[in-house]
Amino acid sequence: MSDTTELNRQFAQLRAMSPAGYSAGLHIRFAAPIVSEANYDPKWLEHYAVNAYALRDPMIAWGLSCEGAKRWSEIELPDPFKIWRQAAEFGLNFGVAVSCGPVQSRSIVGCARFDREFTDQEISKIATIVRTLHEISEPQTDLTQAQIQALRCIAGGDRHAAAAAKLGISESALKARLVSARERLMARTTSEAIQKAKEIKLL
């Protein structure tokens, strides 16, 4: 089973555990996660993004300063922008935050319910899923030279046919290299793989 398949399987478990949705930022580096996924109400996600709440969210502040799992109602941090109250207006009434990993590559996940607090048993299971997500999404720091060359050609603006000709390989071989590079970097698209390769100084 590839890491990408296992990542999707773990996200599916998280989805099942979070009736009102979840938000995951895995391996946050330089203020941006290597892998991010969220399935809260799209209207809340838009409202959150438009207001740049990621920079002001007490859950994220807690997650960057602490490791472990905690109910949102137990996080005693200032919330001057009333993010908790606004989230409740979108049905995110109860939640749990889970944070793990070193501070320079921290993973923070929030899960929500409409109806009640998460039980200790549910929190324990969510924390296990988050730790698994953190481990399997650990970014690769190496690619083969062939993968790097393929990504470099596409990053430089070459189309598949031109890139393949430049490297002296078939177009299908080029596509295979791009697919393997995406899988290694846990990227959904080639452009995302290029961005991640640049972030870890491979391109």
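Residues take numbers from 1 onward in each chain, read along the sequence in its written order. In view of the model being predicted, local features appear only for residues whose pLDDT reaches at least 70, and side-chain atom pairs are presented and counted only at 80 or more, with totals across whole chains, interfaces and linings using the full set of residues. Side-chain numbers here rest on the full set of heavy atoms in the structure, without hydrogens or water.

*Asks:* Can you walk me through the environment of K43 in this structure?
*Replies:* A run of H or I in DSSP becomes a helix once it reaches four residues, and a run of E becomes a strand once it reaches two; helices and strands are each numbered from the N terminus. With respect to the element layout, K43 can be found in helix 2 (residues 42-50). In the structure, K43 is positioned 22 residues away from S65 in sequence and 28 Å away in space, judged by C-alpha atoms.

*Asks:* I tried to follow the side chain of H27 on my own but got confused; where do I start?
*Replies:* Relative to the helices and strands, H27 is located in strand 1 (residues 22-29). Overall, H27 belongs to the buried group, its relative accessible area being 1%. Here a polar contact is taken to be a pair of N or O atoms separated by no more than 3.5 Å, where protein atoms must pair a possible hydrogen donor with a possible acceptor and residues adjacent in sequence count only if both atoms sit in side chains. Of note is the side chain of H27, whose polar atom sits 3.4 Å from the backbone nitrogen of E138. By definition in these notes, contact holds between two residues if any of their heavy atoms fall within 4.5 Å. Residues within four places of H27 in sequence aside, it is in contact with A32, P33, I34, S105, R106, S107, H134, S137, E138 and P139. Type-normalised accessible area, obtained with a 1.4 Å probe on protein chains alone, sets the label of each residue: buried when under 20%, exposed when over 50%, and partly exposed for intermediate values.

*Asks:* What am I meant to see in the state of the cysteines here?
*Replies:* Note: disulfide means a covalent bond formed between the sulfur atoms of two cysteine side chains. Disulfide assignment relies on a single distance test, namely cysteine sulfur atoms paired within 2.5 Å. One pass over the structure, following the stated rule, counts 0 disulfides. Considering cysteine sulfurs only, C100 is the nearest to C66, which forms no disulfide, with 13 Å between them.

*Asks:* What's the story with the pattern of salt bridges in this structure? I'm lost.
*Replies:* Oppositely charged side chains can pair when the atoms bearing their charge come close. A carboxyl oxygen of Asp or Glu within 4 Å of a side-chain nitrogen of Lys or Arg is what we treat as a salt bridge. Scanning all chains against the criterion turns up 12 salt bridges. Between R188 and E37 there is a salt bridge whose closest N-O contact spans 2.6 Å. In this pair, R188 is assigned in the loop between helix 8 (171-184) and helix 9 (190-199) and E37 in strand 2 (residues 32-38), connecting sequence segments 151 residues apart. For E37, a relative accessible area of 21% translates into the label partly exposed. Ionic contacts of the salt-bridge type, sharing partners, join the residues R113, D115, R116 and E122 into one network.

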